[in-house]
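# Coordinate inspection notes
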Amino acid sequence: MISLPQWKRQQWVGILLVLMLVLGSTTSFFRQFTSFPTELRLFSGNREQLRLTIPATVTADVADPDILTVNGADQASVPVDLHHPFTLFSKKRGHTRLTLRLFGTLPLKTLNVRVLPDIRVIPGGQSIGVKLRSQGVLVVGHHRVPGSEDGKSPGERADIRAGDYILEMNGRAIRDVNQVAEAVREAGEKRLPIDVLIMRDGQKKRTRLHPAYDPKEKVYRIGLYIRDSAAGVGTLTFYDPERKVYGALGHVISDMDTGKPISVGGGKIVRSNVNSIRKGTSGEPGEKRAIFFQEHQVLGTITKNTPFGIFGNILKRPENGFLSEPVPVALNEQVKEGPAEILTVVEGEKVERFDIEIVHVNHQRGPATKGMIVKVTDPRLLSKTGGIVQGMSGSPILQDGKLVGAVTHVFVNDPTTGYGTFIEWMLQDAGIFTNGARQESLFLYGNL
């Protein structure tokens, strides 16, 4: 009898194991097994179907059956035929663990399950007017004061830069450009410098500003272009009648000159009436042309301006909604490629529903923009707008009866296609949910 050396036997065993691994990785079972989740999130009262098609019956052990059950059974251990899908039922908020065991003892797969509180909000779609006030006064540029010897403005000499916010002058809080003008006039007439508190990239800094006299206009100036507010048109994404909060736009409002997000010092949203639409074409995004309507009737306040939109409190329930009752929301891993719809206004104040296709989903483990790519397929909307237009940002995206996200940007070279953000991230910024296209705006200017 011929006996192979020990090292030779080990070599052949290793080769066989590698071959088995390579061949096994090409089977549908291996692909399903590796793609089977290890973590799962569910909203309370919801269900989720799982599938791991192998010809075996296993025991599904739930650590806490008060939180989660399998196939509707209340006991902790349930026999499951893996050749068919099985259903998880979430009962109440909490964490638990599901273990699939072969022969009742050998662990095959373990799934950590988090059951979240049920969240339902009312989808928007209404066109809204946005009036945003900055925190302090925003510096957007410099200009030379006539008579300056070194060519620099007083603001430049004081190291005040574009993107800074002027918060105080001589100890007085600054809210608008008129207060800056008054402080400059007083200091200039008294030939005194101005002690200025600015905020730069979230950090406060003090500096001293010396107004310069403009002999041509016979006024004192500081050589800064400043702005205290912004206004524009967007779309309401959702509102929560229980918590009295809303989310809109789906993207941050940035200053058009500095490109930086505007730090919120207050603001409001009001009704808006769409009176015409400039159709989008390749290379030239379209836009909704709208006017503010009944500005004295404030719909809500603005308290946040984040990468995922504007947020605040609802003071008056928005009218003309397509849906009047709250709907479930989807977690980002529940969004899938395929048919969906958006709610938006293309004429007057009437919210309408239009067909779209979610053509790509980028499932994200943490908050990030551009979660999905959407394509307008509705012939009526294409005929009216050419696709996605400015002012449509924030239009809610619904899929299978759930609110899944909001339209945010249009592709410049293809107006039928654009980006969307997941509703999960907007709900987080609205304070509802906790889990581990350039907007055209009109601005109020000051030149001092």
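If you're wondering where the values come from, they're calculated on a predicted model, not measured in any experiment. (Residues numbered from 1 in each chain as written. Predicted model: local features only at pLDDT ≥ 70, side-chain atom pairs only at ≥ 80, totals over all residues. Heavy atoms only, no water.)

## Topic: the overall build of the protein chain
On a plain count of helices and strands, the protein chain comes out with six helices and 31 strands. Residue burial in the protein chain is summarised as follows: out of 448 residues, 49% are buried. Approximately 21800 Å² of the protein chain is accessible, and the part contributed by carbon and sulfur atoms is 53%. (Helix = DSSP H or I, 4+ residues; strand = E, 2+ residues; numbered from the N terminus. Buried < 20%, exposed > 50% of the residue type's maximum accessible area, 1.4 Å probe, protein only. Areas by Shrake-Rupley, 256 points an atom, 1.4 Å probe, with all protein chains shown as cover.)

## Examining the pattern of salt bridges
Going through the model one piece at a time under the given rule, you end up with 27 salt bridges. Note that Lys 205 and Asp 159 form a salt bridge whose closest N and O atoms lie 2.5 Å from each other. Taken together, the residues span a long stretch of sequence, with Lys 205 in strand β14 (residues 203-209) and Asp 159 in the loop between α3 (154-157) and β11 (165-169) at a distance of 46 residues. Residue classification places Asp 159 among the partly exposed residues on the basis of a relative accessible area of 26%. A salt bridge links Arg 278 to Glu 284, with the shortest nitrogen-to-oxygen separation between them at 3.5 Å. (Salt bridge = Lys/Arg side-chain N within 4 Å of Asp/Glu carboxyl O.)

## Details of the pairing of strand β5 (residues 77-81)
Of the two faces of β5, only one is covered, namely that formed by Val 78 and Val 80; the face formed by Ser 77, Pro 79 and Asp 81 stays uncovered. Taken together, the five bridges between strand β3 (residues 57-62) and β5 define a ladder with antiparallel strand orientation. Each bridged residue has a counterpart across the sheet, and for Thr 59 the counterpart in β5 is Pro 79. (Pairing = 2+ DSSP bridges.)

## Description of the sheet that holds strand β30 (residues 414-422)
The six strands lie next to each other as β25-β26-β27-β30-β29-β28, forming a closed barrel whose pairing is antiparallel. Mean inter-strand twist for the sheet, computed between neighbouring axes without regard to direction, equals 45°. (Axes fitted to C-alpha atoms, helices over the stretch in contact; angles between N-to-C directions.)

## Some remarks on the sheet that holds β5
The five strands lie next to each other as β1-β8-β7-β3-β5, forming an open sheet whose pairing is mixed. Pairing within the sheet leaves two strands with one partner each, and these edge strands are β1 (39-43) and β5. On average, each strand axis in the sheet is tilted by 30° relative to the strand beside it, whichever way the strands run. The pairing of β3 with strand β7 (residues 94-102) spans four bridges and is antiparallel. By the bridge assignment for β7, Ala 60 is matched with Leu 100.

## A short note on the confidence of the model for the protein chain
When pLDDT is averaged along the protein chain, the result is 86; 88% of the residues meet or exceed 70. Taken element by element, the protein chain is modelled with least confidence in strand β31 (residues 441-447), mean pLDDT 33, and with most confidence in strand β28 (residues 396-399), mean pLDDT 98. Confidence drops under pLDDT 50 across residues 436-448; counting only partners more than four residues distant or on other chains, this segment forms 54 contacts. (pLDDT = per-residue confidence, 0-100. Contact = heavy atoms within 4.5 Å.)

## Side note on the packing of aromatic side chains
Evaluation of the coordinates by the stated rule reveals three aromatic pairs. Where Phe 43 meets Phe 433, the ring centres are 6.2 Å apart and the plane angle is 65°; that geometry is what we call edge-to-face. Here the residue Phe 43 occupies a position in strand β1, and Phe 433 occupies one in the loop between α6 (423-429) and β31, the gap between them amounting to 390 residues. For Phe 43, a relative accessible area of 2% translates into the label buried. (Phe/Tyr/Trp six-rings, centres within 6.5 Å; stacked < 30°, edge-to-face > 60°.)

## Describing empty space enclosed by the protein
Roughly 80 Å³ of volume is contained in the largest cavity. In terms of lining residues, the largest cavity is bounded by Gln 126, Ser 127, Arg 271, Ser 272, Leu 299, Pro 318, Glu 319, Asn 320, Val 345 and Glu 349. The class makeup of the residues in the lining of the largest cavity is three nonpolar, four polar and three charged. Of the voids in this model, the second largest cavity is the one considered here, and its volume is about 40 Å³. Lining of the second largest cavity is provided by Leu 132, Arg 133, Ser 134, Leu 138, Arg 227, Asp 228, Ser 229, Ala 230 and Ile 262. Put simply, the parts of the chain that give the lining of the second largest cavity at least two residues each are β10 (127-142) and β17 (224-240). The residue makeup of the lining of the second largest cavity, split by class, is four nonpolar, two polar and three charged. (1 Å grid on protein atoms, 1.4 Å probe; cavity = no way out; pocket = protein on both sides within 12 Å on 5 of 7 lines; lining within 4 Å. Points joined across faces, edges and corners; volume = space filled by probe spheres on them. Nonpolar A, V, L, I, M, F, W, Y, C, P; charged D, E, K, R; others polar.)

## Structural notes on helix α4 (residues 177-189)
An ideal rise of 1.5 Å per residue puts 18 Å on 13 residues; α4 measures up with 19 Å between its terminal C-alpha atoms. Buried residues of α4: Val 177, Val 180, Ala 183, Val 184, Ala 187 and Gly 188, and no others. One face of α4 carries all of its buried residues, which in axial projection span an arc of 125°. (Expected span 1.5 Å × (residues − 1). Arc of directions from axis to C-beta.)

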